[in-house]
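Survey of secondary and tertiary structure
Listed below are the residues making up each chain.
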Amino acid sequence: MGPLIPQGIITGQWDFVIALLIGTAFGFILESSGFSSSRNIAGVFYGYNFVVLRVFFTAMIVAMVGLLYFNYLGWIEMDMVFVLPTYLAPMILGGFIMGLGFVIGGFCPGTSYTACAIGKLDGFAFLGGFIIGVFIFAEAFPLFENFYYSGYMGNITIGEVFNISNELVTFIFVIVAIVAFYVTWLIEKKVRKNRTESKFE
Amino acid sequence: MKKNSNITKGPRYINPYFGGILLGLLLLATFYIAGRGLSASGAAKLSVVTIIDKIAPAHAEGNAYYDKFIPTDDSSPLFNWLIFGAIGTFFGGMLSGGIYGRLKKLRIEHSPNITGKTRMIAAVVGGMLFGIGSQFGRGCSSGAALSGTASLSFGGLLVMALMFGIGYVFAYFFRKLWI
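Quick caveat: nothing in here was measured; it's all calculated off a predicted structure. (Residues numbered from 1 in each chain as written. Chains lettered and ligands numbered in written order. Predicted model: local features only at pLDDT ≥ 70, side-chain atom pairs only at ≥ 80, totals over all residues. Heavy atoms only, no water.)

**Brief notes about the pattern of salt bridges**
Tallied over the full model, the rule gives six salt bridges over all chains. Between A:Glu188 and A:Arg54 there is a salt bridge, with its nearest N and O atoms 3.2 Å apart. Of this pair, A:Glu188 sits in helix H8 (residues 166-192) while A:Arg54 sits in helix H3 (residues 51-72); the two residues are 134 residues apart in sequence, bridging distant segments of the chain. Residue A:Glu188 is classed as buried on the basis of its relative accessible area of 7%. B:Lys104 is the salt-bridge partner of A:Glu201, the closest N and O atoms lying 3.5 Å from each other. Within this pair, whereas A:Glu201 is found in the segment after H8, its partner B:Lys104 is found in the loop between helix H6 (81-99) and helix H7 (116-136), the two belonging to separate chains. (Salt bridge = Lys/Arg side-chain N within 4 Å of Asp/Glu carboxyl O. Helix = DSSP H or I, 4+ residues; strand = E, 2+ residues; numbered from the N terminus. Buried < 20%, exposed > 50% of the residue type's maximum accessible area, 1.4 Å probe, protein only.)

Here it is in structure tokens:
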């Protein structure tokens, strides 16, 4: 059966309609969860609001477990599902830079779209900065082209790296998520005692 | 008493676990339909490519990075799945903001300890870093960290762990922006 578009079950003409619908649902979920506010998002780093961790980890384990069952039931051809390729050193650097950008800017690209959508100028500022950043990267690209393509490991999965099954990897993620939900709930309760506000819009 | 008034007047958001389940199901559906996950940064990147390709086509084609994303059949880089997804994300956010009463006039949201100007500068700097980092990381929080890790990509896990981990490492230095 799935994935439908790569198998040609849904033809190319519908691509953009589907992308628009998926995007709309994505934006709706992000905004209604509280991600249009940078102060809600940054709470994850200061312990007063862990909404990012809750939404992110819940979504991740739901999708992971879902894919596992879809595969088990034969509903999806996992070989045709895109596994993001790994470029070791560049991705470590990229994650590092984005972490810094996250705690300074308080948004990531997706959440900044929803902030713009409800009229937040800081969302537009973040998006403008993002565009400048891509421009700087592209203009300077010849300087680090070799580095950009270095450390290529292919479309490798977590299970393959640690030599364990992907079922076990998923199970570990679920356990880690549940522990994280509980621990951050305790932290949040403690931090919120000393604050008058912890949720923003 | 103050606490109570905050609860009644507080922002209306859906339960984060419920939001997470919805987002997870959407991500699963996206994998099932498209064979790939959600993304956000790709659309902004393609916009940059398009602008440069319009202003200075020779420069764009001479640069190995822009050139990667310029279609060979002369169609616009904007005629792409990622762009339509981002347009949808914008309208989805607007729809939710409208329903929950957050769709208001233009404003800057910032902590009372900093000025609006400081917040705007921090947002631009943060955005710039994300713009650079997401190119090295092969995606942002959506494409690499969330969708990548959900499809069990090792690179996705790396990006996710570093993005949050480094955020915590530097949180102390930027605390004045937030608390």
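**Some details on empty space enclosed by the protein**
The final tally for this structure, using the stated rule, is two cavities of 30 Å³ or more. Of the volumes computed, that of the largest cavity is approximately 180 Å³. Forming the boundary of the largest cavity are 16 residues, of which A:Leu30, A:Phe35, A:Phe56, A:Cys108 and B:Ser141 lie nearest the centre. At the level of elements, helix H1 (15-33), H3 and helix H5 (109-117) of chain A together with helix H8 (141-150) of chain B are the ones that each hand at least two residues to the lining of the largest cavity. Looking at the lining of the largest cavity residue by residue, the classes come out as 12 nonpolar, four polar and no charged. For the second largest cavity, the calculated volume is near 90 Å³. Taken together, A:Ala19, A:Ile22, A:Gly23, A:Phe26, B:Thr30, B:Gly37, B:Leu38, B:Ser39, B:Trp81, B:Leu82, B:Gly85 and B:Thr89 make up the lining of the second largest cavity. Going through the elements one at a time, H1 of chain A together with H6 of chain B are the ones with two or more residues in the lining of the second largest cavity. In terms of residue class, the lining of the second largest cavity is made up of six nonpolar, six polar and no charged. (1 Å grid on protein atoms, 1.4 Å probe; cavity = no way out; pocket = protein on both sides within 12 Å on 5 of 7 lines; lining within 4 Å. Points joined across faces, edges and corners; volume = space filled by probe spheres on them. Nonpolar A, V, L, I, M, F, W, Y, C, P; charged D, E, K, R; others polar.)

**A look at the domain arrangement of chain B**
Residues and elements named next belong to chain B. In terms of domains, chain B is made up of domain 1 (39-104) and domain 2 (107-179). Each partner contributes to the interface: domain 1 provides seven residues, whereas domain 2 provides seven residues. Taking both partners together, domain 1 and domain 2 bury about 490 Å²; carbon and sulfur atoms supply 47% of that area. The largest contributions to the domain 1 side of the interface with domain 2 come from Ser39, Ser41 and Tyr65, which together make up 57% of the buried area. Connecting domain 1 to domain 2 are zero salt bridges. Our enumeration of links across domain 1 and domain 2 arrives at two residue pairs in polar contact (both at pLDDT 80 or more). Its residues assigned to classes, the side of domain 1 that touches domain 2 shows two nonpolar, two polar and three charged. (Domains from an automatic or database assignment. Contact = heavy atoms within 4.5 Å. Buried area = accessible area lost by both parts, 1.4 Å probe. Polar contact = N/O pair within 3.5 Å; in protein donor to acceptor, adjacent residues only side chain to side chain.)

**Some details on the packing of helix H3 (residues 41-55) of chain B against H6(B)**
Relative placement of two packed helices is described by the angle separating their axes and the distance separating the axes. All names here are of chain B. The interhelical angle for the contact between H3 and H6, taken along N-to-C directions, is 115°, at an axis separation of 8 Å. Considering only the axes of H3 and H6, their crossing is left-handed. In this structure, H3 uses Gly42, Ala43, Leu46 and Ser47 to contact H6, whose residues at the interface are Leu82, Ile83 and Ala86. When its residues are assigned to classes, the contact of H3 with H6 shows five nonpolar, two polar and no charged. (Axes fitted to C-alpha atoms, helices over the stretch in contact; angles between N-to-C directions. Left-handed = near helix turned anticlockwise from the far one by under 90°.)

**With respect to the interface of chain A and chain B**
Taken together, the contacts link 128 residues of chain A with 121 residues of chain B. Across the chain A/chain B interface, buried area totals approximately 11,300 Å², and carbon plus sulfur atoms make up 76% of it. The largest share of the area that chain A buries against chain B comes from A:Phe16, A:Met98 and A:Tyr113, three residues that together contribute 7% of it. Where chain A packs against chain B, one counts four salt bridges. A:Asp122 is the salt-bridge partner of B:Arg119, the closest N and O atoms lying 3.1 Å from each other. Counting across the interface, chain A meets chain B through 42 residue pairs in polar contact (both at pLDDT 80 or more). Residue contributions to the side of chain A that touches chain B peak at 22 residues, all from helix H6 (residues 121-148) of chain A.

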